[in-house]
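These are the residues of each chain, in order.
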Amino acid sequence: MVVPGSHHTEEQVFPPPLELQNDAHVPDFQSYLQLYKKSVDEPEVFWKEVAQDFFWKSPPKGQFLQYNFDVTRGSIYVKFMEGAKTNMCYNVLDRNVKEKNLGEKVAYFWEGNSPDRQRSITYRQLLKEVCRCANVLKSMETGVGKGDRVAVYLPMIPELVCVMLACARLGAVHSVVFAGFSSESLCERILDSQCLFLVTADGVFRGEKLINLKQIADEALEKCKEKGNFTIKTCIVVRHVGDKMKNGIVSNKLQTHWTAGVDVWWDEAMASAGEECEPEWVEAEDPLFILYTSGSTGKPKGVLHSVAGYLLYTALSFKCVFDHQPGDVYWCTADIGWITGHSYITYGPLANGATSVLFEGIPVYPHVGRFWEIIEKYGVSKFYTAPTAIRLLMKYGQEPLKQFNLDSLKILGTVGEPINPEAWLWFYNVVGQQRCPVLDTFWQTETGGHVLTPLPSAIPLKPGSATLPFFGVQPAILNEHGEELEGEAEGYLVRAKTPYPGYQCFIFLIEQRNAAVLPTQSQHGKGLSGPGCRRDKDGYYWITGRIDDMLNVSGKDSKNKLLDSLMNNQAQGSQLVVAHRTTHCSMDYTRLNLVINTKKGIYCTGDAIDGLPVFPVTAGKILRRVLRQIARGEKDLGDLSTLADPRVVEVLSSQRSEAA
Ligand code: WT7
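Residues numbered from 1 in each chain as written. Predicted model: local features only at pLDDT ≥ 70, side-chain atom pairs only at ≥ 80, totals over all residues.

(A) Focus on the overall build of the protein chain. If you tally the helices and strands in the protein chain, you get 18 helices and 29 strands. Out of the 660 residues in the protein chain, the part that is buried amounts to 55%. Here the contacts in the protein chain between residues at least 6 apart in sequence split such that 73% fall between residues at least 24 apart. (Helix = DSSP H or I, 4+ residues; strand = E, 2+ residues; numbered from the N terminus. Buried ≥ 20, exposed ≤ 12 C-beta atoms within 10 Å, placed from the backbone. Contact = placed C-beta atoms within 7 Å.)

(B) Just the pairing of strand S8 (residues 197–201), in detail. In terms of burial, S8 is a largely internal element, five of the five residues being buried. In S8, alternate side chains face the same way, and those of Phe-197, Val-199 and Ala-201 on one face and Leu-198 and Thr-200 on the other are all buried. Note that strand S6 (residues 149–153) and S8 share four bridges and pair parallel. Residue pairing across strands places Ala-151 opposite Leu-198, the latter belonging to S8. Sheet topology note: the S8/strand S11 (residues 234–238) ladder contains five bridges and is parallel. Of the residues in S11, the one forming a bridge with Val-199 is Ile-236. (Pairing = 2+ DSSP bridges.)

(C) Local environment of the packing of helix H12 (residues 387–394) against helix H14 (residues 421–431). Between H12 and H14, the shortest axis-to-axis distance is 10 Å and the interhelical angle comes to 75 degrees. As far as their axial angle goes, H14 and H12 are roughly perpendicular. Residues Pro-387, Ile-390, Arg-391 and Met-394 of H12 form the contact with H14, whose own contacting residues are Ala-423, Trp-426 and Phe-427. A per-class count over the contact of H12 with H14 returns six nonpolar, no polar and one charged. (Axes fitted to C-alpha atoms, helices over the stretch in contact; angles between N-to-C directions. Parallel < 35°, antiparallel > 145°, perpendicular 65-115°, else oblique. Nonpolar A, V, L, I, M, F, W, Y, C, P; charged D, E, K, R; others polar.)

(D) Quick look at the environment of Leu-392. You can see Leu-392 is positioned in helix H12. Separated by 31 residues in sequence, Leu-392 and Ala-423 place their C-alpha atoms 9.7 Å apart.

(E) Molecular detail of the sheet that holds strand S20 (residues 438–441). In spatial order, the strands read S5-S4-S17-S16-S18-S19-S20; together these seven strands make up an open sheet with mixed pairing. Of all the strands in the sheet, the pair left with one neighbour each is strand S5 (118–122) and S20. Within the sheet, the average angular offset between the axes of one strand and its neighbour, ignoring direction, is 20 degrees. Of the strands in this sheet, strand S4 (106–111), S5 and strand S17 (355–359) are in contact with helix H5 (residues 158–170), which crosses S4 at around 140 degrees.

(F) Region of the structure containing the pairing of S4. Here S4 lies mainly inside the structure; five of its six residues are buried. Counted along the chain from S4 to the antiparallel partner S5, the turn is six residues long.

(G) Structural detail: unusual backbone geometry. With an omega of -5 degrees, the peptide bond running from Tyr-365 to Pro-366 counts as cis. Among the structural elements, Pro-366 can be located in the loop between S17 and helix H11 (370–378). Of note in the backbone geometry, Gln-194 takes a positive phi value of approximately 50 degrees without being a glycine. Here Gln-194 lies in the loop between helix H6 (183–192) and S8.

(H) Looking closely at the nonpolar core. Within the largest apolar cluster, 174 residues are counted, with the highest numbers of intra-cluster contacts made by Leu-93, Val-130 and Val-152. Element by element, the count of residues in this core is highest for helix H9 (residues 307–321), at 11 residues. Setting aside its immediate chain neighbours within four residues, Val-152 contacts Leu-160, Val-163, Met-164, His-174, Ser-175, Val-176, Val-177 and Val-199. (Core = buried A, V, L, I, M, F, W, Y, C linked by C-beta atoms within 7 Å.)

(I) Highlighting the site of the ligand. The immediate surroundings of the ligand are formed by 20 residues, with Pro-418, Phe-442, Gln-444, Thr-445 and Ile-543 found nearest. Looking at side-chain class alone, the shell around the ligand contains 10 nonpolar, seven polar and three charged residues. (Near = placed C-beta within 6 Å.)

(J) Structural view of the confidence of the model for the protein chain. Mean pLDDT for the protein chain: 80, with 71% of residues reaching 70 or above. Residue range residues 5–9 is modelled with pLDDT below 50. Its contacts to residues more than four positions away, or to other chains, number four contacts. Below a pLDDT of 50 lies the segment residues 244–252, which in the model reaches 14 contacts outside its immediate sequence neighbourhood of four places, other chains included. Interface confidence in the predicted complex, given as ipTM, is 0.98; pTM for the same model is 0.84. (pLDDT = per-residue confidence, 0-100.)

(K) Broad picture of helix H7 (residues 213–226). Here H7 is 14 residues long and its end C-alpha atoms lie 20 Å apart, about the 20 Å a rise of 1.5 Å per residue gives. Among all positions in H7, only Leu-213, Lys-214, Ile-216, Ala-217, Asp-218, Ala-220, Leu-221 and Cys-224 are buried. The elements touched by buried residues of H7 are S6, H6, S8, strand S9 (204–206), strand S10 (209–211) and S11. Once H7 ends, the next one or two residues include Gly-228, with phi positive near 70 degrees. (Expected span 1.5 Å × (residues − 1).)

What follows is the structure, given as structure tokens:
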């Protein structure tokens, strides 16, 4: 890597602002390079130091990091802190309250869909609520225990964070399903991971529109029953929009069916629950959560992250990328139903004792300046959003921004898709007043945290580039034959050579016990998984798009024979998908690795899972295209058939007409 801007480039380079540098965790480019080198040369030493900030009930049994990426030396594995005992919830709550004296600090400013609904919750209050919720979950007839799956179908309210952490406290595995998804999607996800519990709410307002979540949840459970695989024992219902009344909701808008013996009101159950709950000490590699990426075809795939690796990775990336400082008010506008919310609303910020805004609403309700209003109201200093939102808000011009004071902003970030330079510059010039770096963060559900990203004080920016790799990540660009390309190059991005903790990801395959492994190149004669990517002369990465469906994972009995023959076949340039099954606390899950055996060495990447036939064309992404079209006022919105919940379109369209 050369220092960008040290020679002529056609792109505009934005150096880091000096005023951020004084207290920055990674103050300059040299520090980045040094830390980066350590993270890839000595990953064990590097991550061990990160782990020192956190609480481990007992240390790893063997080495801190063990891995084998070399197919010629047996099976592929990565183990971070194997045998260590810890608890995620303890680390993000108890540790902050008891060891860091942050009990009175606000964890979340909750801002409702309607600007007159808000609430703030301190670390101490959140810890109490979480303990009570954990006690509620434990006390059910078939109480929630270690390894049990809990489906969570909630809007962006504090109870959502609370139930995630309560699961983590009990060693249970949450599966959050975006509350904009349909009953069919919810049903599929409940069945796939055989959830025992469902937590939902009576309803939610999105903009003007009232959505009866409980009814959708009921429909989902009906569908599960029809499919003859009903696992849900209890459905806990948060009273969010309805009036108080036993066994049913009566408000002027919402009527809810109540199933005796299954449905339980959250507030009634919580009222009698104790405020103390000993955390369950789980193993470093025990599962923390499942999150589904929706496929364009076939079943959604459940990506599973485990405790220790995910903690280290989200904590460190949050701290360095947003350069977290104690006085910050941080706001990520994503929904917790996506990985962005899991990593950078729930776990990363809490692990750092941060204060975040938790926003229930949408950018254009009740007016198109809502984001800017919220930034002023809470004095937001770090603001993380999606290119789609920026492009949507750009259309309304600068007028809505001028009504609010955005001087508190220090750092801006984007995620989810490439940001076009025009939107980048608008974000930088208009929102950030040319003072705040704009961080284009590239990553995936499977990576758990940032993979390519600028660091605000250390890495000069180029609009449209996600710049350089985060600590521990060694990207490689390969051509269609699986050969690594050096220097300036364009091809397929893979992560290679060293493991990093976010890499600890599995696919939940409880029903696909025979998921088999097929060679890719030898089978199809072409192709690699991974996004298309260009590396420029400064070593900067530019994501050019996604290349889908290059790998195939299917078939049944041929599995072992095939694997054996692949393992024995060390032909140059071959690629394998290696599925390797682990059984943890009564769960069966599979880790998939793409192993690329090239002339220069063997690379192992987590990208294999991207290449499954159920490759995610997420509802989120489709929605972004549709959002743009709605914002432009287009009538023909094209194919909406893969949209998880087409009703969102109606809501947005109606808001567009109101706003117009
Ligand atoms: C895919 C992952 C991880 C957050 C939410 C999406 C695309 C994500 C960027 C970016 C270009 C990006 C990629 C990636 N993507 N961030 N900064 N620049 N593309 O998670 O649903 O797992 O999707 O989103 O195509 O592979 P996801």
